[in-house]
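# Coordinate inspection notes
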Amino acid sequence: MARVSLGPLAAASLWGGMYVVSKWGFAAIPPVTLAFLRVALGAAALLVVVRATKPARSFSRTERRRFAVLGGWVALTLVTQFVGTDLTNASQGSLLTVLTPVFTLLLGVAVLDEALTTRKVGGMALAVAGTLVVLAGQYDLAAAGRGSLVGVLALFAASFGWAAYTVWGTPLVRTYSALETATYSTVAAVPMIAVLVPVEFALRDAALAGVTVTPAVAGAVGYLGVASTAAAWVLWYSGVEHADAGVVAVFFFAQPVVGAVLGALVLSESLGPTFFAGGAVMAAGVWAVSTARA
């Protein structure tokens with residue numbers, strides 16, 4: 001279990017840190033522009049590492065096309081995630097987050113022919129229930145019915161996009177490595193998102209006008225690009241080197257829990273009894289799925 005869990009758990013923890021980073025000001029940058037900056041910085045960091053540690057490779061046209069498909073899933077995920085977050089409230093975003101591991105489990109069965117066992121289904125249900133309890137202590141879930149339908153649909157697409165990136169990337173990870181697959185798919189996503197930035201500028205009348213590049217904004221972009229993209233994506237993919245995508249997916253539930261803990265430590269937010277109760281149930285579900293036989 002330890003070999004499988006460390007990478008995805010660390011990735012989810014880095015994504016949980018985005019909650020604190022957002023409080024420090026990265027939301028000042030418009031969503032598509034922010035997605036581009038994040039993926040461009042992440043791609044640059046990954047390329048430096050892969051060039052220094054891996055032999056030069058020559059890929060076939062089919063392999064390049066597969067990396068491009070993964071890049072498409074990256075572009076879809078980041079753009080819809082940031083646009084959806086911009087258009088919705090916190091409760092909607094937090095609730096839709098739990099769809100990602102569920103989609104991954106189902107796609108793993110459909111695309112990779114992974115086994116759908118009672119233990120996996122039961123553990124996933126426990127993890128969903130525990131996460132919902134945690135989120136209920138953080139947000140007003142009654143507000144989930146209010147807000148933008150477009151934003152909700154965008155977050156729904158983002159959840160599916162990351163699940164697809166996980167599942168369709170699994171064969172490439174096992175052929176090459178987590179580092180190389182994350183690197184070349186991220187590089188492929190850069191121009192896909194870049195072409196949308198001028199559109200955002202046109203729709204927002206110069207999207208970056210009035211944005212002051214403060215240390216908080218620069219630090220937030222740096223965290224998003226280096227930590228929650230370059231490092232986290234390699235760590236996430238490292239899990240599917242040794243386990244089913246549906247098993248790795250359950251560690252995604254750690255993200256809101258880590259976000260809540262960091263909020264308490266850094267932002268002096270309170271953690272109520274629902275957090276500890278929900279966290280215990282979620283942990284039981286994660287343990288059940290992560291120890292299931294392949």
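Residues numbered from 1 in each chain as written. Predicted model: local features only at pLDDT ≥ 70, side-chain atom pairs only at ≥ 80, totals over all residues. Heavy atoms only, no water.

## Quick look at the overall build of the protein
- Along the backbone of the protein there are 14 helices and zero strands.
- In sequence order, the protein lays out its α and β elements as α-α-α-α-α-α-α-α-α-α-α-α-α-α.
- Expressed as a percentage of its 294 residues, the buried residues of the protein come to 49%.
- A sequence separation of at least 24 residues applies to 90% of the contacts in the protein between residues at least 6 apart.
- Entry remark: accessible area of the protein is about 12,700 Å², with carbon and sulfur atoms responsible for 68%. (Helix = DSSP H or I, 4+ residues; strand = E, 2+ residues; numbered from the N terminus. Buried < 20%, exposed > 50% of the residue type's maximum accessible area, 1.4 Å probe, protein only. Contact = heavy atoms within 4.5 Å. Areas by Shrake-Rupley, 256 points an atom, 1.4 Å probe, with all protein chains shown as cover.)

## Re helix 6 (residues 99-112)
- The end-to-end C-alpha distance of helix 6, which contains 14 residues, comes to 19 Å, matching closely the 20 Å that a straight helix rising 1.5 Å per residue would cover.
- Those residues of helix 6 lying buried are Thr100, Pro101, Phe103, Thr104, Leu105, Leu107 and Gly108.
- Once helix 6 ends, the next one or two residues include Asp113, with phi positive near 60 degrees. (Expected span 1.5 Å × (residues − 1).)

## Some details on the packing of aromatic side chains
- Counted under the stated rule, the structure contains 17 aromatic pairs.
- A centroid spacing of 5.7 Å and a plane angle of 50 degrees characterise the contact between Trp15 and Phe252, whose relative ring orientation is tilted. Taken together, the positions of Trp15 in helix 1 (residues 2-16) and Phe252 in the loop between helix 12 (245-249) and helix 13 (254-267) put the pair 237 residues apart, joining distant regions of the chain.
- Under the relative-accessibility criterion, Trp15 is labelled buried at 5%.
- Judged by its relative accessible area of 9%, Phe252 falls in the buried class.
- When the ring of Phe59 is compared with that of Phe67, the centres are 5.1 Å apart and the planes differ by 70 degrees; the resulting orientation is edge-to-face. The residues Phe59 and Phe67 share a single accessibility class, namely buried. (Phe/Tyr/Trp six-rings, centres within 6.5 Å; stacked < 30°, edge-to-face > 60°.)

## What about helix 3 (residues 31-53)?
- Helix length check: helix 3 (23 residues) gives 33 Å between terminal C-alpha atoms against 33 Å at 1.5 Å per residue, within 8%.
- Of all the residues in helix 3, the buried ones are Pro31, Val32, Thr33, Leu34, Ala35, Arg38, Val39, Gly42, Ala43, Leu46 and Val50.

## Structural notes on the pattern of salt bridges
- Applying the stated criterion across every chain, the model contains two salt bridges.
- Residue Arg57 is joined to Glu180 by a salt bridge in which the shortest nitrogen-to-oxygen separation is 2.4 Å. On the criterion of sequence distance, the pair formed by Arg57 in the loop between helix 3 and helix 4 (61-87) and Glu180 in helix 9 (residues 178-194) is long-range, its members being 123 residues apart.
- The shortest N-O distance in the salt bridge between Lys120 and Asp244 comes to 2.9 Å. (Salt bridge = Lys/Arg side-chain N within 4 Å of Asp/Glu carboxyl O.)

## Regarding the nonpolar core
- In terms of nonpolar packing, the biggest core is built from 68 residues, with Trp15, Tyr165 and Trp233 touching the most fellow members.
- Broken down by element, this core gets its largest block of residues, nine residues, from helix 11 (residues 215-239).
- Aside from chain neighbours lying at most four places away, what touches Tyr165 is Leu70, Trp73, Val74, Thr181, Ala182, Ser185, Thr186, Trp233 and Tyr237. (Core = buried A, V, L, I, M, F, W, Y, C linked by side-chain atoms within 4.5 Å.)

## Things to note about the environment of Val74
- Residue position: Val74 is located in helix 4.
- Not counting residues up to four positions away in its chain, the partners in contact with Val74 are Val39, Tyr165, Ala189 and Trp233.

## Here's the deal with unusual backbone geometry
- Phi is positive for Asp113, close to 60 degrees, though the residue is something other than glycine.
- Inspection of the secondary structure puts Asp113 in the loop between helix 6 and helix 7 (118-138).

## Description of the side chain of Ser185
- Tracing the backbone shows Ser185 in helix 9.
- Here Tyr165 takes part through its side chain, which lies 2.8 Å from a polar atom of the side chain of Ser185.
- Contact partners of Ser185, with chain neighbours within four places excluded, come to Phe67, Leu70, Gly71 and Tyr165. (Polar contact = N/O pair within 3.5 Å; in protein donor to acceptor, adjacent residues only side chain to side chain.)

## Observations regarding the packing of helix 9 against helix 11
- Where helix 9 meets helix 11, the closest approach of the two axes is 8 Å, and the angle between their N-to-C directions is 130 degrees. As summarised for this structure, helix 9 and helix 11 are arranged oblique, according to the angle between their axes. Helix 9 and helix 11 meet at a crossing whose hand is right-handed. Mapping the contact onto sequence places Ala178, Leu179, Thr181, Ala182 and Thr186 in helix 9 and Thr229, Trp233, Val234, Tyr237 and Ser238 in helix 11.
- Its residues assigned to classes, the contact of helix 9 with helix 11 comprises six nonpolar, four polar and no charged. (Axes fitted to C-alpha atoms, helices over the stretch in contact; angles between N-to-C directions. Parallel < 35°, antiparallel > 145°, perpendicular 65-115°, else oblique. Left-handed = near helix turned anticlockwise from the far one by under 90°. Nonpolar A, V, L, I, M, F, W, Y, C, P; charged D, E, K, R; others polar.)

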